[in-house]
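So you can see what is in the structure, the chains are spelled out below.
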Amino acid sequence: MKSHIQSLLEQTIESFKQQGILPADFEARIQVDRTKDKSHGDLATNLAMMLTKAAGKNPRELAQLIIDTLPASAYVAKVEIAGPGFINFFIDDSALANQLQAAISDEHLGIKLPRPQTIVVDYSSPNLAKEMHVGHLRSTIIGDSVVRTLEFLGHKVIRQNHVGDWGTQFGMLLAYMEELRAQNGEQAQLELSDLETFYRAAKLRFDESAEFATRARQLVVELQSGDEYCNKLWREFNDISLSHCHEVYERLGVSLTRADVHGESAYNADLEQVVKDLDAQGLLTQSNGAKVVFQEEFRNKEGEALPVIIQKADGGYLYATTDLAAMRYRSSVLKADRVLYFVDLRQALHFQQVFSLAKLAKFVRNDMSLEHLGFGTMNGEDGRPFKTRTGGVVKLVDLLDEANTRALELVRSKNPDMDEATLAEIARVVGISAVKYADLSKNRTSDYIFSFEQMLSFEGNTAPYLLYAYTRVAGIFKRATDIDLSQAKIVLEHEKEKDLGNKLAQFGEILSRVVDKGQPHVLCGYLYELAGAFSSFYEACPVLAADNDEQKHSRLLLSQLTANTLQKGLNLLGIETLERM
Ligand code: ARG
C-alpha cells in the first residue's frame, strides 16, 4: 500500500515537471509514513513541504495542487490536507480486503517483489584456530536471517563464510598436532575435540619450549611455500575445526553449508598481485620496512595519517590484503550488486579503510555497493563482555545446552502431563529460538545484555510469546477443519478487523527494511505488533461464534493470513514454529 501511494506521488511529480511547476532535473525524495492516529488516515506524506523551495509556492497551496494532480486509485478512499501541509491518505477498506484476499493463496503473501540483484553476504566467518565464540553468534544469526529474507524476495544470494584459516598461529597449532600424534594418536583426536583447550595447550608449549617454537615457525614457512606434508596437516586441522562450526550451525538451524566456506586462504594466490597492482598505481608507501597505503581521510585524533598495512617487512600479508583480494573476487567473478558484511562494529575503521581503498584502486566496480552492517557487543548481566564465571570465553555449545535445559524446565512446568519425547522436542525449539530471537530483536548496532530469564519469558517481545501466539492462531483452524473456505471473502467492518488488516498489509514494507538496512529487529517488532493486533481482534471479534457464516468465514481468512504471516516471518528469522507448546 505504501509503495502504491509512493508511485502515485512519483507520477504527480513527473506531471509537475512537465507542467513546469518543478524544474525538469528535480530529484524528489518521497517519504510516505504510517500515521499513528487513525483520524489522520492510514498514510501521510510531507511532500508538499519538501517541494516549497523548488516550486516557489506555499505548502498548503502545493498540497492542494498535489491532491488535484494525483492519479485516481481504487485503493484511496479519501485524501485530506492537514496542519501546515501534510497530506493524509485514507485507504479504501474493500480494496484492502481484496489485497489481503489475494495474499492468502500467494506464496509470497501478496508482496511485490523487487528487481532481483546478486548479493554476496559475508557472515559468521569465525577464526578456525579457535573455537567459535559468542561474537560469531551475532554475525551468524543476523546474517542468516537477512540471507533468508533476501532469498524470499527473489534475490540471488551468495553466502561467503570468510573463515580465518590462515596466519602464523597455525604454525603453533600444527606443531602441537604433530607432537601429540607422534606421542599418542588417540590423545590428539581427543584434544582436538575441544579447540579452546587445544589452543591453550599449544600456546603453553610454544612459550615453554624454544625447540617447539622453532618447529612452529618452520611449519609456517613450509605451509606458505606449499609443502605437501604441512598442507595436509593444515587441511586436517581446519577440517576438524570446521566440523565444530557446522555442528553449531546445524543446531541453530543456520543455512550455511561447507560449500559456502571461502576463507582467507582462498585468496593466497592473489595477494602478490594485489601488492603489485597497488604499487603500479603509485599507492604504496614504505613505512618501517612494511608496505602501506595512506589515504588522506583516515587520521587519528592527533591528526596523524592512519595507514592500511598491505605487507609486513617479513613479506607476510595481512587481514586487509585478503579483504582487498576478496572484494575484487566478489566484484569481478561473483558479479555482486551488493556485498554485505556482518561483522563486529569494532572493525568499522578496517572496513571504511579497505572499502575506500578498493574503490580508489579500482578493484571493484563503481556500481557495486559495499556495506559493513556492524553489530554491538553481547554482554553478560553485569554489563561487561560475556564471559564464563571464571572469566573464560563462553563456548557456543555450552550456551545452547543451557538454553535447552532451561527451556525444558519451563515447558515441563506448563505441561506437567506431557510425554518426555514431546517435551524434549518443544524445549529444543523454544531454547534455540529464544537465543536467536533475543539477538535478532535488538537493534543490530547496540550492545545488549544476554539474559536467559528475559529471553525465555512469555511476556513481551520474546520467542516464547510469539511461538505461543502462533499456536493460538493455528489452533483456531484445528477447531474448524470442516469449514469450506474456498468461496469465502474477507470483509473489513469492525475497527479491530481493519487494524489487523492494515498490519497484515505492511509485511512487504517491513521485509524491504530488513534487507535494505540489514535490520531483522524491524521484522521482530512487526511480528510482535501483529500478534498484538490479532489478540485485540480476537477479543473483540468472535471467530467461530460469529453472527453469521459470511462473518465467520471472513474472520477465519483473516486468522489464516495472520498465521501464514507469523509463520513466514518467524521462518525468515530462522525460527521454527510449533503446532503446540
Ligand atoms: N574472521 C574475522 C573475525 O573473526 C571476521 C571476518 C569477517 N569478514 C571479512 N571479510 N573480513 O573477526
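You'll find the structure just up there.
Note that this is a predicted model, so its numbers are computed, not measured.

### Notes on the packing of helix α17 (residues 463–478) against helix α21 (residues 549–572)
- Direction vectors running N to C along α17 and α21 enclose 145 degrees, while the axes themselves pass 9 Å from each other. You can see that α17 and α21 cross each other, and the crossing is left-handed. Note on element contacts: α21 touches α17 through Leu-556, Ser-559, Gln-560, Thr-562, Ala-563, Leu-566, Gln-567 and Leu-570, opposite Leu-466, Leu-467, Tyr-470, Val-473, Ile-476 and Phe-477.

### A few points about the side chain of Thr-118
- Summarising the element assignment, Thr-118 is placed in strand β5 (residues 118–122).
- Setting aside chain neighbours within four positions, we find Thr-118 in contact with Lys-156, Ile-158, Leu-334, Lys-335, Ala-336, Asp-337 and Arg-338.

### A closer look at the site of the ligand
- Residues in contact with the ligand, as listed here, are Asp-122, Ser-125, Asn-127, His-136, His-162, Tyr-319, Asp-323, Tyr-341, Val-343, Gln-347 and Phe-351.
- Tyr-319 is positioned with one of its side-chain polar atoms (N or O) 2.8 Å from a nitrogen atom of the ligand.
- According to the grid-proximity analysis, the pocket containing the ligand is the largest pocket.
- Residues belonging to the shell around the ligand are distributed by class as follows: four nonpolar, five polar and two charged.

### Some remarks on empty space enclosed by the protein
- According to the stated counting rule, one finds one cavity of 30 Å³ or more in the structure shown.
- Its boundaries defined by the atoms lining it, the largest cavity holds a volume of some 30 Å³.
- Lining the largest cavity, in full, are Ala-434, Tyr-437, Ala-438, Ser-441, Lys-442, Gln-454, Met-455, Asn-461, Thr-462 and Ala-463.
- Looking at the lining of the largest cavity, the elements with two or more residues in it are α15 (420–440) and α16 (452–455).
- When residues in the lining of the largest cavity are grouped by element, the largest group, three residues, is from α15.

### Side note on the environment of Leu-173
- Assignment of secondary structure puts Leu-173 in helix α6 (residues 169–183).
- Here the alpha-carbon distance between Leu-173 and Val-120, two residues 53 residues apart in the chain, equals 31 Å.
- When near neighbours in sequence (up to four residues on either side) are disregarded, Leu-173 contacts Ala-129, Phe-198, Tyr-199, Ala-202 and Phe-237.

### Some remarks on the layout of surface pockets
- In this structure, the largest pocket encloses a volume near 1100 Å³.
- Lining the largest pocket we find 43 residues, and of these Trp-166, Gly-167, Gln-169, Glu-264 and Tyr-319 sit closest to its centre.
- Breaking the lining of the largest pocket down by element, the ones donating at least two residues are α5 (134–152), α6, α9 (210–224), α11 (271–280) and α12 (319–332).
- If one sorts the elements of the lining of the largest pocket by residue count, α9 sits on top with five residues.
- Put simply, the second largest pocket is a space of about 860 Å³.
- Residue lining of the second largest pocket: 34 residues in total, with Ser-3, Lys-112, Gly-508, Glu-509 and Ser-512 positioned closest to the centre.
- Put simply, the parts of the chain that give the lining of the second largest pocket at least two residues each are α1 (2–18), α4 (93–104), α19 (507–517) and α21.
- Here the lining of the second largest pocket is composed, by residue class, of 16 nonpolar, eleven polar and seven charged.

Rules used throughout
Residues numbered from 1 in each chain as written. Predicted model: local features only at pLDDT ≥ 70, side-chain atom pairs only at ≥ 80, totals over all residues. Heavy atoms only, no water. Axes fitted to C-alpha atoms, helices over the stretch in contact; angles between N-to-C directions. Helix = DSSP H or I, 4+ residues; strand = E, 2+ residues; numbered from the N terminus. Left-handed = near helix turned anticlockwise from the far one by under 90°. Contact = heavy atoms within 4.5 Å. Near = heavy atom within 4 Å. Polar contact = N/O pair within 3.5 Å; in protein donor to acceptor, adjacent residues only side chain to side chain. 1 Å grid on protein atoms, 1.4 Å probe; cavity = no way out; pocket = protein on both sides within 12 Å on 5 of 7 lines; lining within 4 Å. Sits in = over half its atoms within 2 Å of the grid points. Nonpolar A, V, L, I, M, F, W, Y, C, P; charged D, E, K, R; others polar. Points joined across faces, edges and corners; volume = space filled by probe spheres on them.

What is shown is where atoms sit, not what they do.
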